[in-house]
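What follows is the residue order along each chain.
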Amino acid sequence: MGLCAVLLICLSQAELGRAWTQAHEDALSGTSLRTDVPSHLQRTRRDQQTLHKHREARNTQAEGGGSLDINTLPDNMTRIVEDSQMYYRWQSFGPTDRRTEDLWVDMNSLHKSQVRIHGILSNTHRQAARVALSFDFPFYGHNLRQIIVATGGFIFMGEITHRMLTATQYIAPLMANFDPSFSKNSTVRYSDNGNLFVVQWDKVRLKDREAEGSFIFQTALYRNGTIVFNYRDIPVPVEKMNSSEHPVKVGLSDAFMAYLPSAQPSDVKRRTIYEYHRVEIDTTKIVSRSAFEFTPLPTCLQHTTCDLCLTSNLTTGCGWCNTLQRCSDGIDRHRQEWLDYNCPEEAKGTCEDYNPVLPEGSMISFNHSSPGPTPSSAELEDQPVTRDLQTGPPNHMGITENTAIIAGVVAALVLLVALTLLAVYYINTHPTVAPPFYLMQRRTNNYWPSMKFRNQGCHSSYAEVELGGHEKEGFIEAEQCC
């Protein structure tokens, strides 16, 4: 029986090996990926006209694959994102303010074990790397544990990487065309103490403008959601840093992704990114030894119950989706899911619709049906169960069935362990046959699907890298020149 089991495992692994080989050949032939590159990022405001357009998008979804599309709204619906201070309020501090020095995080005074110099970002140009946080950082009400730090003076906060890296979903203390690889003294360093994460672009210079001086600035992410931009050395005014090869931005931005019908019949569905909020600060206030502090404001997402969602004085425009057990105004990163589960209609209801109260008539009829004093609710719940346990005869049939189930589970586990040991023994003693060779190929650390985007009109592209030094070709691309 053991030999038969081993033969079955080997045959299944051989089939998997042939399937993997065919899939790998198809990937090399370039038939698995297609993306469209539109011209502009779609932007929208929180108005009823745009909400109606997003609600219609829910009816266009299908089960097939899709591509990422970022294009413009029709002219009569184009809206420039305006900051209504619904998500953050902020203050600026100049060189003479004491608060400026209090906000600056002196990374030179920290212990060497607390500061990490990113070797790849400090020696490359237009690169980005994922960094894991040790705490949940709330960004526009969404808790994030991973961010992407870029050499260009910004942090990408999106959960889904896409071509328009510099377009939206960013924290940008000073987004520009910095090149840390120009000098050995230029570094990108960061520190995380469990309550505060700091990234510092230290002595970095602008590409092809290195003689104008080095920049030192940082951004600090606090556990409570506070964001701080600190500027120590700014040799060039921000308004004079414009470049045709890289956008120059300072502020915050977030967006959601939704599905819209594609103009091409071959596309079943198309993902479109909508930037729903942006904070742009006055760049004339960015000078050496200045700072900006952003304090997060309450959002609908923080409410975990229907009562808090609909009655809280801290937020406005919130609706409760009982299906998702989520409070939202419909404009956040969960927008598509909000539409998929028909939450716009559910949000029109009240908490009583989900927690109905029994009418008094039903309680009265129940009380009349039982003579004597009315017991308390606790007695009504506990007494019948207690009587059944005390007076009911033991259920021998149930005990027998439970014993049989447990015995069957134990026997299955023992058989599974035995088959696994036999398979491992066979693989180790026959390393040249198809199944072991297939497993060794899947075990390699450098395996990554070949997916490469090409920038056609702009040079501000970013390649996501791993700490091991190997580029991952699945993500390259930034925003169009602007």
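Residues numbered from 1 in each chain as written. Predicted model: local features only at pLDDT ≥ 70, side-chain atom pairs only at ≥ 80, totals over all residues. Heavy atoms only, no water.

Q: Can you lay out the sheet that holds strand 10 (residues 196-204) for me, pointing to particular residues and giving the numbers?
A: Read from one edge to the other, the open sheet built from 7 strands follows the order 3-15-12-11-10-9-4, with strand pairing classed as antiparallel. Each of the sheet's edge strands pairs with one partner strand only, and the pair in question is strand 3 (88-93) and strand 4 (115-117). Neighbour to neighbour, the strand axes of the sheet diverge by 15 degrees on average, direction disregarded. As judged from the 6 bridges shared by strand 9 (residues 187-192) and strand 10, these two strands associate in the antiparallel manner. From the neighbouring strand, valine 188 faces strand 10, where its bridge partner is tryptophan 201. (Pairing = 2+ DSSP bridges. Helix = DSSP H or I, 4+ residues; strand = E, 2+ residues; numbered from the N terminus. Axes fitted to C-alpha atoms, helices over the stretch in contact; angles between N-to-C directions.)

Q: Tell me about the pattern of salt bridges, and please be specific about residues and values.
A: All chains considered together, the criterion is met by 12 salt bridges. Between glutamate 337 and arginine 326 there is a salt bridge whose closest N-O contact spans 3.0 Å. Here arginine 326 lies in strand 17 (residues 326-328) and glutamate 337 lies in helix 5 (residues 335-340), a separation of 11 residues in the sequence. Classification of glutamate 337 as partly exposed rests on a relative accessible area of 29%. A relative accessible area of 17% places arginine 326 in the buried class. Among the charged side chains, a salt-bridge network with shared partners connects Glu101, Arg232 and Arg289. (Salt bridge = Lys/Arg side-chain N within 4 Å of Asp/Glu carboxyl O. Buried < 20%, exposed > 50% of the residue type's maximum accessible area, 1.4 Å probe, protein only.)

Q: So what about the side chain of histidine 142? Which residues, and what values?
A: With respect to the secondary-structure elements, histidine 142 resides in strand 6 (residues 142-150). At 3.1 Å, the side chain of histidine 142 forms a polar contact with the backbone nitrogen of arginine 333. Apart from residues lying up to four places away in sequence, histidine 142 is in contact with Phe137, Asp254, Tyr276, Leu301, Asp332, Arg333 and His334. (Polar contact = N/O pair within 3.5 Å; in protein donor to acceptor, adjacent residues only side chain to side chain. Contact = heavy atoms within 4.5 Å.)

Q: Give me the environment of leucine 314: which residues, what numbers.
A: Relative to the helices and strands, leucine 314 resides in the loop between helix 4 (306-311) and strand 16 (319-321). The spatial distance from the C-alpha of leucine 314 to the C-alpha of cysteine 300 is 8.8 Å, given a sequence separation of 14 residues. If near-sequence neighbours (up to four positions away) are discounted, leucine 314 is found in contact with Pro298 and Gln302.

Q: Before we move on, could you go through a nonpolar patch on the surface and cite the residues and values that matter?
A: There is a patch of nonpolar side chains on the surface, built from Ile405, Val409 and Leu413 and spanning about 290 Å² of accessible area. Position of leucine 413 relative to the elements: it lies in helix 9 (residues 396-429). (Patch = residues over 30% accessible without salt bridge, like charges linked within 9 Å, V, L, I, M, F, W, Y side chains within 5 Å. Areas by Shrake-Rupley, 256 points an atom, 1.4 Å probe, with all protein chains shown as cover.)

Q: Lay out the nonpolar core in plain terms, naming residues and giving numbers.
A: Membership of the largest hydrophobic core comes to 49 residues, with the highest contact counts inside it found for Ile171, Leu174, Phe215, Ile227, Phe229 and Tyr231. Top contributing element to this core by residue count: strand 5 (residues 127-139), with 6 residues. Excluding residues within four positions of it along the chain, leucine 174 makes contact with Gly152, Gly153, Phe215, Phe217, Tyr231, Ile234, Val238, Met241, Lys249 and Val250. (Core = buried A, V, L, I, M, F, W, Y, C linked by side-chain atoms within 4.5 Å.)

Remember that the coordinates give geometry; whether it matters functionally is a separate question.
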